[in-house]
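These are the residues of each chain, in order.
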Amino acid sequence: MQDGNDRAIADKQIAFAPAVQGDAKREEQLKHALEKVQAAEMASEKANALVLNGDVNGAWETIEQAAKEWPDDNKLNKLLADLSGRATEFVAAVNRARDAEAKKNLGYSLTWYLNAQHIYPPSLIANDGIDRLSRQLLSSGRSDVPSTN
């Protein structure tokens with residue numbers, strides 16, 4: 001069983017289960033494949049429910065997180081691409097924030113995370129970015145403050 005075939009393995013789990021029984025390594029591979037596909041399917045279902053409720057930004061964020069866990073899954077990537085086209089303003093803000101953070105431009109990155117949060121207040125990506133960058137900016141600023149002791 002190869003990692004890239006997790007969906008095919010999950011689709012044929014009834015056939016694979018008896019074949020791997022007693023082989024601990026293959027049983028673990030089957031279990032891992034099934035858990036991976038199950039997590040992706042749960043994310044897809046959650047995203048579809050969010051879209052039905054008009055929350056395209058939340059749907060994109062849900063699939064974005066799932067795609068980080070399984071970046072080579074075609075189904076997740078197709079859904080992510082579709083949702084990216086529907087949540088363009090939010091996605092652009094998150095991408096700008098990430099790009100700036102990668103370049104160590106923390107202030108600019110923080111601005112874009114705040115922009116993303118303004119577009120979609122419950123965003124975990126934006127809120128985590130704001131928290132992370134705020135801590136970095138505050139801790140780097142403290143080293144410049146003279147000690148009073």
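Just so it is clear, the structure is predicted and the values come from calculations on it, not from any experiment.

Caption draft 1: Local environment of the confidence of the model for the protein. Summarising the model, the protein shows a mean pLDDT of 87, and 85% of its residues fall at 70 or more. Scored below 50 in pLDDT, residues 143–149 makes zero contacts in the model with residues more than four places away or belonging to other chains.

Caption draft 2: The arrangement of helix α3 (residues 24–52) in detail. Counted at 1.5 Å a residue, the expected span for α3 with its 29 residues is 42 Å, and the 42 Å between its end C-alpha atoms agrees. Looking one or two residues beyond α3, the residue adopting positive phi is G54, at roughly 85°.

Caption draft 3: The arrangement of the packing of aromatic side chains in detail. Under the counting rule described, the total for this entry stands at three aromatic pairs. Each ring, one from F90 and one from Y120, has its centre 5.5 Å from the other, and the planes form 70°; the classification is edge-to-face. Note that F90 is positioned in helix α6 (residues 88–102) and Y120 in the loop between α7 (106–119) and α8 (124–142), a separation of 30 residues in sequence. For F90, a relative accessible area of 0% puts it in the buried group. Taken together, a centroid distance of 6.3 Å and an interplanar angle of 80° make the contact between Y108 and W112 edge-to-face. Of this pair, Y108 and W112 both sit in helix α7, four residues apart, which is roughly one turn of that helix. Taking relative accessible area as the criterion, W112 reaches 16% and is therefore assigned buried. A connected cluster of aromatic rings, assembled from ring pairs, spans W60, F90 and Y120.

Cut-offs used in this document
Sequence positions are assigned chain by chain, starting from 1 and proceeding in written order. For this predicted model, a pLDDT threshold of at least 70 governs which residues receive local features, and a threshold of 80 or more governs which side-chain atom pairs are given and counted, while totals over whole chains, interfaces and linings are taken from all residues. As a rule here, side-chain values come from all non-hydrogen atoms in the structure, and water together with hydrogens is ignored. For every residue, the predictor assigns a confidence score, pLDDT, that lies between 0 and 100. The criterion used for residue contact is that any of the two residues' heavy atoms lie within 4.5 Å. Runs of E in the DSSP output that reach at least two residues are strands. Runs of H or I that reach at least four are helices, and both are numbered from the N terminus. Expected span of a helix, by definition, is 1.5 Å for each gap between consecutive residues, and there is one gap fewer than residues. Here a pair means two rings of Phe, Tyr or Trp (six-membered ring of Trp) with centres within 6.5 Å. Their orientation is stacked below 30 degrees between planes, edge-to-face above 60, and tilted elsewhere. Only protein chains enter the accessibility calculation, which uses a 1.4 Å probe; a residue is then buried when its area is under 20% of its type maximum, exposed when over 50%, and partly exposed in between.

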